[in-house]
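Coordinates in review
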Amino acid sequence: QLLGNQDHIKVELEKLKQTYDSQQQKLEEKVITMGKELQEAKGAIGDTQQKLVEQSAVLLSSQSQLREVEAENSQLQLQLKELNAEYRSRLAQYIKDVADYMDSKPSNISGPSKAPADQAPMKRFVDGMLKDIRASYKSREEQLAGAARGYKKRLKNLVKKHENLLIAYGLQREQIRSSGSSKMDCGPAELHFSITDPELLTNTSRELNRLREDKVKLEMQLHELQKVLAGLLAVKLGLDEKGWAEVRKQLQEFAHTTQEDLEQERSQLLTRAVVAEEQVSELQEYIEKHLAR
């Protein structure tokens, strides 16, 4: 039967060969098309990256120009303040000179009706006007100074609240760590959320940031030492899983106890520093309000 069906088998093989050739041709055309699309996509990605690089360069240049403009603006504001003060003093002097000139002119009124007390009416008027102007300027300056003090006070309160939140966040991280679960993510270190603006940092905040940096370094060193110690104990003592779990638990308890002591000491120091800063702030406010008086 195989020999008799040889022609039929040849026909079927020819059909299969044609089908294979057509599918191979379609695949080759599809590969070529996909290659072209890939090249176009690469070109588009390259263009996008080039645009991103250009935009990043423009952004950096704009930020640099913005900083320069801000510095120039602050310098111009200072110059404007100085020129304004100089203009006020010159204007007051000019008004006084005009008053003196007007009072020094001989009066057209003659006779005993002119009292001696009215020898300088213009000067008295100018003095009263300047007194009112100075009072208004002083009142406005006191308002601005009070608003600036209130803003600084609110800013200090926000910084203190932020520090308290960082302390609570650090304690929560340590509680998660002390639970014994090594797979649970404790979140980034407190240093990641610390304030870095030098205008908002006090001496206490700088010291706390330095301590947080030291803490991050110590945590990394402790993690590396735990890994090394785990390998050494596993190799040298041949501990089973239960024994190694006990050793790990003891290490975690030791680290947690030490860290708890350090956190308590840091919290006490921070509380004392906050109290001292509040006292200093109250003293400064008292001095600003009452020293001039």
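Residues numbered from 1 in each chain as written. Predicted model: local features only at pLDDT ≥ 70, side-chain atom pairs only at ≥ 80, totals over all residues. Heavy atoms only, no water.

Observations concerning the overall build of the protein chain
For the protein chain, the count of helices and strands is four helices and zero strands. Sequence-ordered secondary structure for the protein chain, helices as α and strands as β, is α-α-α-α. In the protein chain, which comprises 293 residues, the proportion classed as buried is 12%. Sequence-distant contacts in the protein chain: of pairs separated by 6 or more residues, those separated by 24 or more amount to 59%. Element-wise, carbon and sulfur atoms account for 59% of the exposed surface of the protein chain, whose accessible area totals about 24,200 Å². (Helix = DSSP H or I, 4+ residues; strand = E, 2+ residues; numbered from the N terminus. Buried < 20%, exposed > 50% of the residue type's maximum accessible area, 1.4 Å probe, protein only. Contact = heavy atoms within 4.5 Å. Areas by Shrake-Rupley, 256 points an atom, 1.4 Å probe, with all protein chains shown as cover.)

Structural notes on empty space enclosed by the protein
All told, the structure shown has one cavity of 30 Å³ or more when counted by the stated rule. Space inside the largest cavity adds up to approximately 30 Å³. Lining of the largest cavity is provided by Arg 173, Ala 189, Glu 190, Leu 191, Arg 212, Lys 215, Val 216 and Glu 219. Broken down by element, the residue count for the lining of the largest cavity peaks at four residues, all from helix H3 (residues 203-236). Grouping the amino acids of the lining of the largest cavity by side-chain chemistry returns three nonpolar, no polar and five charged. (1 Å grid on protein atoms, 1.4 Å probe; cavity = no way out; pocket = protein on both sides within 12 Å on 5 of 7 lines; lining within 4 Å. Points joined across faces, edges and corners; volume = space filled by probe spheres on them. Nonpolar A, V, L, I, M, F, W, Y, C, P; charged D, E, K, R; others polar.)

Let's talk about the packing of aromatic side chains
Working definition: an aromatic ring pair is given by the centre-to-centre distance plus the angle between the planes. Scanning all chains against the criterion turns up zero aromatic pairs. Sitting over the face of the ring of Tyr 137, Arg 88 holds its NZ or CZ atom 3.7 Å from the ring centroid. (Phe/Tyr/Trp six-rings, centres within 6.5 Å; stacked < 30°, edge-to-face > 60°. Lys NZ or Arg CZ within 6 Å of the ring centre and 35° of its normal.)

Quick word on the UniProt feature "coiled-coil region" (unreviewed entry) in the protein chain
Under the feature "coiled-coil region" (unreviewed entry), the UniProt entry names residues 6-33, 59-93 and 201-228. In the segment residues 6-33, helix accounts for 100% and strand for 0%; the C-alpha atoms at its two ends are 40 Å apart. The span residues 59-93 is 100% helical and 0% strand by assignment, and the distance between its end C-alpha atoms comes to 50 Å. (UniProt positions renumbered as here; feature names shortened; annotations may be inferred.)

Regarding the environment of Ser 178
Within the secondary structure, Ser 178 sits in helix H2 (residues 121-178). Residues Ser 178 and Thr 257, spaced 79 residues apart in sequence, show a C-alpha to C-alpha distance of 9.4 Å.

Here's the deal with the packing of helix H1 (residues 6-104) against H2
Running from amino to carboxyl end, H1 crosses H2 at an angle of 165 degrees, the nearest separation of the two axes being 8 Å. Of the possible angle classes, the one that applies to H1 and H2 is roughly antiparallel. As for how H1 packs across H2, the hand of that crossing is right-handed. The residues of H2 that touch H1, namely those facing Arg 88, Ala 92, Ile 95, Lys 96, Ala 99, Asp 100, Met 102 and Asp 103, are Pro 121, Met 122, Lys 123, Val 126, Met 129, Leu 130, Arg 134, Tyr 137 and Glu 141. (Axes fitted to C-alpha atoms, helices over the stretch in contact; angles between N-to-C directions. Parallel < 35°, antiparallel > 145°, perpendicular 65-115°, else oblique. Left-handed = near helix turned anticlockwise from the far one by under 90°.)

What about the confidence of the model for the protein chain?
When pLDDT is averaged across the protein chain, the result is 77; 82% of the residues are at 70 or more. In this model, residues 111-117 is a region of pLDDT below 50 whose contacts with residues beyond four sequence positions or in other chains number two contacts. (pLDDT = per-residue confidence, 0-100.)

Here we look at H1
Residue pairs spaced three or four apart in an α-helix point in one direction, given the helix's 3.6 residues per turn. Taking 1.5 Å per residue, 99 residues should reach 147 Å; H1 reaches 141 Å between its end C-alpha atoms and fits that length. Every buried residue of H1 is listed here: Ala 92, Ala 99 and Asp 103. Residues of H1 that are buried in the fold lie against H2. (Expected span 1.5 Å × (residues − 1).)

A look at the environment of Lys 153
The topology assignment puts Lys 153 in helix H2. Of the residues examined, Lys 153 reaches a relative accessible area of 46% and is grouped as partly exposed. Taking the C-alpha atoms as reference points, Lys 153 and Glu 278, separated by 125 residues in sequence, lie 9.8 Å from one another.

A word on the side chain of Lys 160
Checked against the element boundaries, Lys 160 lands in helix H2. The exposure class assigned to Lys 160 is buried, which follows from its relative accessible area of 18%.

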